[in-house]
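If you want the building blocks of each chain, they are given just below.
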Amino acid sequence: MSTAQRLHARTLGWYAEHRRDLPWRSSEVDAWGVLVSEVMLQQTPVARVEPVWRRWLDRWPTPADLAEASPADVVRAWDRLGYPRRALRLLDCARAVVDHHGGQVPRDAVDLLALPGIGAYTAAAVAAFAYGDRVPVLDTNVRRVLGRLLGAEALPPPTQTRAERHRAEAVLPEDAATSATWNVAVMELGALVCTARAPRCEACPLAADCAWRAAGFPADAHASRRHTQAWHGTDRQARGALMAVLRAHPDAPPPPDLLARAWPEGGQRDRALASLIADGLAEAVDGGHRLPTHRPPAATG
DNA sequence: AAAACGGGGTT
DNA sequence: AACCCAGTTTT
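Residues numbered from 1 in each chain as written. Chains lettered and ligands numbered in written order. Predicted model: local features only at pLDDT ≥ 70, side-chain atom pairs only at ≥ 80, totals over all residues. Heavy atoms only, no water.

Peer 1: Any chance you could explain helix H10 (residues 162-170) here in plain terms?
Peer 2: Owing to its 3.6 residues per turn, the α-helix brings residues three or four apart onto one side. Here H10 has its buried residues at Glu164, Arg167 and Ala168. End-on view of H10: buried residues confined to an arc of 100°, all on one side of the axis. Those residues of H10 that are exposed and aimed more than 90 degrees away from the buried face are Arg162, Ala163, His166 and Ala170. Where H10 is buried, its residues touch helix H9 (140-151). (Buried < 20%, exposed > 50% of the residue type's maximum accessible area, 1.4 Å probe, protein only. Helix = DSSP H or I, 4+ residues; strand = E, 2+ residues; numbered from the N terminus. Arc of directions from axis to C-beta. Contact = heavy atoms within 4.5 Å.)

Quick look at the structure:
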């Protein structure tokens, strides 16, 4: 048995025993359900996505259903998942699937990448998880696992490299069905065992093969180039505070003082509201601001 | 290549 | 108080 085959067997065996029963992994879930889950999971942890995903698909089971929704309803249903522009991109995505693909989520990589809010990761995830295609899926978990296992690195570099993509392709099982399970298994291993902070190597099926472990767990070589984003007092915090007020008043504008109470500094509040309007997340009306009741068609480019 | 973009649980 | 999370888009 080759090294690659041993890695595959051990990882798939571990996954069969330890995998979480996440709702979007059910065979009942179609490609649209998978796509919605992947967009929600962009930078948002599984635990917070799960209840929102269930409500979302219960309300809008198909792209055609979502395509008819108002942006105010969509942003409100997005709740506090964060990065609410994703909610509007998902609405645009539903419209594009209806308008350009007959209401069916496309399978081709070029078509998927052309959809709003779908980048390299999500396109690969939909192709692999929804359609069972043989494509490398390179999310933050997989990058970390492969970086440790094959590159002896504590953490992957800040931006994805060609070497990482080559490495992911090199270890991908030949068989399509096996490759699809491999992708989700490595991702799950990164989420549950090979974690960023405190990896549980004693529980890892690949510990004996791990280059990082063999090298004595060298420190993160890219630490100096990682900068933690400030949060308190930023425009992002201001936008979030204002959006929370707008979500609580989906139809009518909130009483004027509520926005001021949510973000007292007037200059920054005005700038934040202007940026929300520019993003299509808010609209100015007679009595102040509210969630947008209408969204213009996205530019198709 | 770097910055902008939320929010909350965990350490 | 940092760190981290199934990233994408814009500059």
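Peer 1: Is there a simple way to think about the protein's contact with DNA strand B in this case?
Peer 2: With respect to spatial proximity, 19 residues lie near DNA strand B, and among them Arg48, Pro84, Arg236, Arg239 and Gly240 are the closest. When the atoms of DNA strand B within 4 Å of the protein are sorted by group, sugar and phosphate make up 60%. Between tyrosine 83 and DNA strand B, the recorded distance is 2.8 Å, taken from a side-chain N or O atom to a base oxygen. Top contributing element to the surface near DNA strand B by residue count: helix H13 (residues 235-248), with five residues. Per-class residue counts for the surface near DNA strand B are six nonpolar, six polar and seven charged. (Near = heavy atom within 4 Å. Polar contact = N/O pair within 3.5 Å; in protein donor to acceptor, adjacent residues only side chain to side chain. Nonpolar A, V, L, I, M, F, W, Y, C, P; charged D, E, K, R; others polar.)

Peer 1: Is there a simple way to explain the protein's contact with DNA strand C in this structure?
Peer 2: Around DNA strand C there are 25 residues in total, and Glu38, Thr122, Arg144, Arg197 and Thr228 lie nearest to it. What you see for DNA strand C is that sugar and phosphate hold 62% of its atoms within 4 Å of the protein. Tyrosine 121 is positioned such that a nitrogen or oxygen atom in its side chain is 3.2 Å from a base nitrogen of DNA strand C. Here a phosphate oxygen of DNA strand C and a side-chain polar atom of threonine 122 are 2.7 Å apart. For the surface near DNA strand C, the secondary-structure elements that each account for two or more residues are helix H8 (120-130) and H9. Its residues assigned to classes, the surface near DNA strand C shows ten nonpolar, eight polar and seven charged.

Peer 1: What should I look at first to understand the packing of aromatic side chains in this one?
Peer 2: Scanning the model with the defined rule gives four aromatic pairs in all. On the numbers, 4.9 Å between centres and 70° between planes, the contact of tryptophan 56 with tryptophan 60 is edge-to-face. Judged by relative accessible area, which is 1%, tryptophan 56 ranks as buried. On the accessibility criterion, tryptophan 60 (6% relative accessible area) is buried. Centroid distance tryptophan 212 to phenylalanine 217: 4.9 Å. Interplanar angle 85°. Geometry classified as edge-to-face. Here the aromatic residues Trp56, Trp60 and Trp78 are joined through ring pairs into a cluster of three or more. (Phe/Tyr/Trp six-rings, centres within 6.5 Å; stacked < 30°, edge-to-face > 60°.)

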